[in-house]
Amino acid sequence: MSDKELEGKMDQAKGKVKEGYGKLTDDKSTEAEGKADQAKGKAKEAYGEAKRDVKNALDGDKK
């Protein structure tokens with residue numbers, strides 16, 4: 001797992017907690033921030049996966 005994938009998973013977890021806290025306290029702003037953090041995390045994770053896939057494909061061409 002790449003650093004970006006790990007960062008993405010952490011952002012998603014942080015966002016989930018923040019969203020839950022926002023729902024619990026009825027704070028729409030915090031809830032929205034949590035959802036945004038989750039989306040950012042998913043994007044980072046996808047970027048990391050794509051980067052790893054490209055690297056693996058290029059390394060496979062060298063063999």
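Bear in mind that the values here come from a model prediction, so they are computed numbers and not experimental data.

Engineer: Can you help me understand the environment of G8 in this one?
Structural biologist: Mapped onto the fold, G8 is located in helix 1 (residues 3–25). The spatial distance from the C-alpha of G8 to the C-alpha of A32 is 18 Å, given a sequence separation of 24 residues.

Engineer: What am I meant to see in the pattern of salt bridges here?
Structural biologist: Side chains bearing opposite charge may pair, as long as their charged atoms lie close to each other. Under the definition given, this model contains 13 salt bridges. A salt bridge links D37 to K18, with the shortest nitrogen-to-oxygen separation between them at 3.1 Å. Here D37 is found in helix 2 (residues 28–61), whereas its partner K18 is found in helix 1, with 19 residues between them in sequence. Judged by relative accessible area, which is 11%, D37 ranks as buried. Accessibility expressed as a relative area gives 25% for K18, which makes it partly exposed.

Basis of the calculations
Residues numbered from 1 in each chain as written. Predicted model: local features only at pLDDT ≥ 70, side-chain atom pairs only at ≥ 80, totals over all residues. Heavy atoms only, no water. Helix = DSSP H or I, 4+ residues; strand = E, 2+ residues; numbered from the N terminus. Salt bridge = Lys/Arg side-chain N within 4 Å of Asp/Glu carboxyl O. Buried < 20%, exposed > 50% of the residue type's maximum accessible area, 1.4 Å probe, protein only.

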